[in-house]
Amino acid sequence: MEEDGRSLAQPREGNVAVVDLSHEFDAFYEAITLGKKQNGRIDSAFESLQTFLCEQYDVDRGAVFVQGSCANGTAVVPADPEVGEYDVDTVLVLPDGDVSSNEALDDLRTTLKGSKRYASRITTRKPCIRLQYADDEIGGFHVDVVPVRAAPISGDAPLEAPRRNEGWHETAPAEYTTWCLSQGELFQRTVKMLKRWRDENQDVRGAIKSIVLQVLVSRCMPPDESDALRIATTFTELQKFLQAPQPPEIPNHVLSSDNLSARWTQEAFNSFRQEVGKAEAAARRAVEADDGYEAAAEWASIFGDDFPLPTGSSTGIVLADASHAKPISDQGWRENLNPDASISISTTVKAEDRRR
């Protein structure tokens, strides 16, 4: 069946039809992706900070760069703008790394404290110095600055990052960004959708870290162009991979010595595995649904209110031919309208809405 150039079903393995919700997935993806205003704010904040740090530490611009979700193309709009924030992670490569981790963090704090632009924004975190920006019409925003140093030549990593009171640890932020970007557009699209699912279903403190989720997606994601089938299969493969009762070892693709799940607590792992199971069941129901509204309601239960419920052509419901209807005069009736009374008729098509 096709209406307005839109196929209402697409083939699936075993010749079973999957309701086509490509328009709804596109709308959802657009809703969770940072827009021009957010990206403009990020670019402006980074460029000002980069200029300041280059001057203060006497380094070239290549020594101050962006890492994390913004650099990887996987940043998403916070699920709840009143609670969550979007951010940019910035790396500063120190010109002299002969300092302790605490000294590096303290020196960065002192340097930022000497700026009128940044002094009032500073918050100290264990691995970084955070600059908190005031909320505006596009929500909360902060910049995390990590001072890193060149790693010993004998090690596997190009850089080392600090953690207060815990010393230095190996890191390869630029290499990891290159790996993420090499995974392609479908990888970035899938990661963004699963990050929104995570944000909707796990509290911030216990939620799976983005870097761990990204590596799991790369392991479990099939090369399917259909968002519905790709996401559903990713959840199925995730559930299979997480069968063991303890967190599995998850090596960093660009740093073999880095086990990304090393800080994954048993409680947080159990919570994630439980959420994967629920999402896998809902996604399976969605791809097996015969009705567009029912399928979309399942996806909305996974992704939240930003996943739209379909109307019109996507439900397959259309108005039948009304040429048989006769005007009142042909029926032998006459109108006697009462100006003090009114009546309205409306129809509603509903299926069970499984959104929270």
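Residues numbered from 1 in each chain as written. Predicted model: local features only at pLDDT ≥ 70, side-chain atom pairs only at ≥ 80, totals over all residues. Heavy atoms only, no water.

> Before we move on, can you summarise unusual backbone geometry with the specific residues and values?
The phi dihedral of Asp 58 falls on the positive side, at around 55°, and the residue is not glycine. Residue placement: Asp 58 occurs in the loop between α2 (36-57) and β5 (64-67). The phi angle at Asn 165 is positive, at roughly 65°, despite the residue not being glycine. Within the element layout of this structure, Asn 165 appears in the loop between β10 (159-163) and β11 (167-171). The exposure class assigned to Asn 165 is exposed, which follows from its relative accessible area of 62%. (Helix = DSSP H or I, 4+ residues; strand = E, 2+ residues; numbered from the N terminus. Buried < 20%, exposed > 50% of the residue type's maximum accessible area, 1.4 Å probe, protein only.)

> Break down the packing of helix α6 (residues 185-201) against helix α8 (residues 227-241) for me, citing the residues and quoting the values.
Relative to each other, α6 and α8 sit at 65°, their axes nearing to 11 Å. Taken as axis vectors, α6 and α8 run roughly perpendicular relative to one another. α6 and α8 meet at a crossing whose hand is right-handed. Seen from α6, the contacting residues are Leu 186, Arg 189, Thr 190, Met 193, Leu 194 and Trp 197; seen from α8, they are Asp 227, Arg 230, Ile 231, Thr 234, Phe 235 and Leu 238. Considered class by class, the residues forming the contact of α6 with α8 number 7 nonpolar, 2 polar and 3 charged. (Axes fitted to C-alpha atoms, helices over the stretch in contact; angles between N-to-C directions. Parallel < 35°, antiparallel > 145°, perpendicular 65-115°, else oblique. Left-handed = near helix turned anticlockwise from the far one by under 90°. Contact = heavy atoms within 4.5 Å. Nonpolar A, V, L, I, M, F, W, Y, C, P; charged D, E, K, R; others polar.)

> Which residues make up the side chain of Arg 189, and what values go with them?
Tracing the chain through its elements places Arg 189 in helix α6. Excluding residues that lie within four positions of it along the chain, Arg 189 makes contacts with Phe 25, Asp 26, Tyr 29, Asp 227 and Arg 230.

> An account of the packing of helix α7 (residues 210-220) against α8 is needed here, citing residue identities and associated values.
Where α7 meets α8, the closest approach of the two axes is 9 Å, and the angle between their N-to-C directions is 105°. Taken together, α7 and α8 sit at an angle that is classed as roughly perpendicular. Each of Leu 216, Arg 219 and Cys 220 in α7 lies in contact with α8, whose residues at this interface are Thr 233, Thr 234, Glu 237, Leu 238 and Phe 241. Looking at the contact of α7 with α8 residue by residue, the classes come out as 4 nonpolar, 2 polar and 2 charged.

> Lay out α6 in plain terms, naming residues and giving numbers.
Between its first and last C-alpha atoms α6 spans 24 Å; for 17 residues at 1.5 Å apiece the expected length is 24 Å, and the two agree. A large share of α6 lies buried, amounting to 13 of its 17 residues. (Expected span 1.5 Å × (residues − 1).)

> Quick rundown of the nonpolar core? Include the residues and the values.
A general tendency of soluble globular proteins is for nonpolar side chains to be buried together. With 53 residues, the main nonpolar core has Trp 197, Phe 235, Trp 264, Phe 272, Trp 299 and Phe 303 as its most contacted residues. Elements with a minimum of two residues in this core: β4 (18-19), α1 (22-32), α5 (173-182), α6, α7, α8, α9 (266-288) and α10 (292-303). With 9 residues, α9 is the single largest residue contributor to this core. Those residues within four positions of Trp 264 in sequence are excluded, and the remaining contacts are Ile 208, Val 212, Leu 216, Pro 247, Pro 248, Ile 250, Phe 269 and Phe 272. In this structure, Phe 52, Tyr 57, Ala 63 and Ala 161 belong to the second largest nonpolar core, which totals 39 residues. (Core = buried A, V, L, I, M, F, W, Y, C linked by side-chain atoms within 4.5 Å.)

> Tell me about the pattern of salt bridges, and please be specific about residues and values.
In the structure shown here, the tally under the stated rule is 15 salt bridges. The salt bridge involving Arg 164 is made with Asp 106; its shortest N-O contact spans 3.0 Å. Separated by 58 residues along the polypeptide, Arg 164 in the loop between β10 and β11 and Asp 106 in helix α4 (residues 101-113) bring together distant segments of the chain. Its relative accessible area of 17% is what places Arg 164 among the buried residues. (Salt bridge = Lys/Arg side-chain N within 4 Å of Asp/Glu carboxyl O.)

> For the pairing of strand β13 (residues 255-259), give the residues involved together with the corresponding values.
Direction of pairing for strand β12 (residues 251-252) relative to β13: antiparallel, over a ladder of 2 bridges. Each residue of the ladder has a partner; that of Asn 252, found in β13, is Leu 255. Counted between consecutive antiparallel strands, the loop separating β12 from β13 contains 2 residues. (Pairing = 2+ DSSP bridges.)

> Got a sec to walk through the environment of Asp 26? Specific residues and values, please.
With respect to the helices and strands, the residue Asp 26 is situated in helix α1. Apart from residues lying up to four places away in sequence, Asp 26 is in contact with Arg 189 and Asp 227.

Any functional reading would require information beyond the geometric quantities listed.
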